[in-house]
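Listed below, chain by chain, are the residues.
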Amino acid sequence: MKALCYGSKLIAGYYGDRKPELAKRYAIASSRISGARATLRLIDDIPMIQYALEYGFGQGESDSIMAVLGVAANFVDLLYYPVEKICWLSEHKIVDIKNPDYWDNVNTIFWVVGVYLNLMRNIRSFGLNQQKINNIRETKDNPDVEKMLKKHRIEILTLIRLSLDFVHAGSYLPKGYLWGGKLSTFQIGAIGTASAAIGIYQIFAKRRLNK
């Protein structure tokens, strides 16, 4: 759905000046799919709460920095979902919310911070795994090296995907904050489509790796 949403936005941005009518159709399609994604996220609370409880204080992490980043990311996500519900209820005129723009901005801030924390966590994980690979390489004839290298390459894609998501999320901040409002429809569509494509590739890559 993410690929369809931002693929449509990409096409709408590309044909914005060339074929306005065609661009409008794809923009509508992108908006409808985006709305469907937002509606589906309304039921994400229970899985998120379950994950946060299972994660706890990051006792299973490799070091304290990973644990702190993981707990902080979970906390921000737990705040993000109820705020998004407030925005969804306001957008669909189900309840009257005073100053809906304020809640939209708060929602975007949580989104940006959540993506940033996950990006920092993955950068830390990438560095720790690189150290492990370097140590294992010193041991001759270790059968785990090849599999670890494949996982490491997938992690590189994760860093790229999260970086794209961070740029994407920051573009929705109010003007004057980071690069909020500075990206065109075409640029947002390109970034979102690239992130979705990487995510889809990673799904199949991980399946092949686990066979």
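Remember, predicted model here, so these are calculated numbers, not experimental data.

A.B. asks: Sorry, what's going on with the state of the cysteines here?
C.D. replies: Should the sulfur atoms of two cysteines be covalently bonded, the bond is a disulfide. Following the criterion strictly, the structure yields zero disulfides and no others. Cys5 carries a free sulfur, and the closest cysteine sulfur to it, the one in Cys87, is 17 Å from it. Residue Cys87 is classed as buried on the basis of its relative accessible area of 9%.

A.B. asks: Please clarify how the packing of helix H3 (residues 45-55) against helix H4 (residues 64-91) should be interpreted in this entry.
C.D. replies: When two helices pack together, their arrangement is given by the angle between the helix axes and by the axis-to-axis distance. Contact geometry of H3 with H4 gives a least axis separation of 10 Å together with a crossing angle of 160°. What the angle tells us is that H3 and H4 run roughly antiparallel. The chirality of how H3 crosses H4 is left-handed. Here Asp45, Met48, Ile49, Tyr51, Ala52 and Tyr55 of H3 lie close against H4, whose contacting residues are Met66, Ala67, Gly70, Val71, Asn74, Asp77, Leu78, Tyr81, Pro82 and Lys85. Considering only residue class, the contact of H3 with H4 consists of eleven nonpolar, two polar and three charged.

A.B. asks: In this structure, what is going on with a nonpolar patch on the surface? I would like to understand it.
C.D. replies: Residues Ile49, Leu53 and Leu78 make up a contiguous nonpolar surface patch of about 290 Å² in total accessible area. Residue position: Leu78 is located in helix H4.

A.B. asks: What exactly am I supposed to notice about the environment of Ala3 here?
C.D. replies: Inspection of the secondary structure assignment puts Ala3 in helix H1 (residues 2-14). In this structure, the C-alpha to C-alpha distance between Ala3 and Gly192, residues 189 residues apart in sequence, is 7.3 Å. Those residues in contact with Ala3 that sit more than four places away from it in its chain are Ala196 and Ile200.

A.B. asks: Explain the confidence of the model for the protein to me, please; I cannot follow it from the model alone.
C.D. replies: Residues shown with low pLDDT carry predicted positions that ought not to be read at fine detail. Model confidence for the protein is summarised by a mean pLDDT of 91, while 96% of its residues fall at 70 or above. By mean pLDDT, helix H6 (residues 144-170) is the weakest element of the protein at 89, and H1 is the strongest at 96.

A.B. asks: Even after reading the chapter, I still don't get the environment of Met120, so can you show me in this structure?
C.D. replies: Inspection of the secondary structure puts Met120 in helix H5 (residues 100-137). For Met120, a relative accessible area of 25% corresponds to the partly exposed category. Spatially, the C-alpha atom of Met120 lies 9.1 Å from that of Leu159, the residues being 39 residues apart in sequence.

A.B. asks: Explain the side chain of Asp77 to me, please; I cannot follow it from the model alone.
C.D. replies: The topology assignment puts Asp77 in helix H4. This buried residue, Asp77, is left without a salt bridge; Arg121 holds the nearest opposite charge, at 7.9 Å.

A.B. asks: Honestly, the packing of aromatic side chains in this entry has me stumped. Any pointers?
C.D. replies: The relative placement of two aromatic rings is captured by the distance of their centres and the angle of their planes. In the structure shown here, the tally under the stated rule is eight aromatic pairs. Centroid distance Tyr14 to Tyr15: 5.0 Å. Interplanar angle 90°. Geometry classified as edge-to-face. Residue classification places Tyr14 among the partly exposed residues on the basis of a relative accessible area of 39%. Each member of the aromatic cluster is reached from another via a ring pair, and the members are Tyr14, Tyr15 and Phe186. If you follow Arg18 out to its NZ or CZ, it ends over the ring of Tyr14, 4.1 Å from the centre. The aromatic ring of Phe204 is capped on one face by Arg207, whose charged end is 5.7 Å from the ring centroid.

Parameters at a glance
- Residues numbered from 1 in each chain as written.
- Predicted model: local features only at pLDDT ≥ 70, side-chain atom pairs only at ≥ 80, totals over all residues.
- Heavy atoms only, no water.
- Disulfide = S-S within 2.5 Å.
- Buried < 20%, exposed > 50% of the residue type's maximum accessible area, 1.4 Å probe, protein only.
- Axes fitted to C-alpha atoms, helices over the stretch in contact; angles between N-to-C directions.
- Helix = DSSP H or I, 4+ residues; strand = E, 2+ residues; numbered from the N terminus.
- Parallel < 35°, antiparallel > 145°, perpendicular 65-115°, else oblique.
- Left-handed = near helix turned anticlockwise from the far one by under 90°.
- Contact = heavy atoms within 4.5 Å.
- Nonpolar A, V, L, I, M, F, W, Y, C, P; charged D, E, K, R; others polar.
- Patch = residues over 30% accessible without salt bridge, like charges linked within 9 Å, V, L, I, M, F, W, Y side chains within 5 Å.
- Areas by Shrake-Rupley, 256 points an atom, 1.4 Å probe, with all protein chains shown as cover.
- Salt bridge = Lys/Arg side-chain N within 4 Å of Asp/Glu carboxyl O.
- pLDDT = per-residue confidence, 0-100.
- Lys, Arg positive; Asp, Glu negative; His and termini not counted.
- Phe/Tyr/Trp six-rings, centres within 6.5 Å; stacked < 30°, edge-to-face > 60°.
- Lys NZ or Arg CZ within 6 Å of the ring centre and 35° of its normal.

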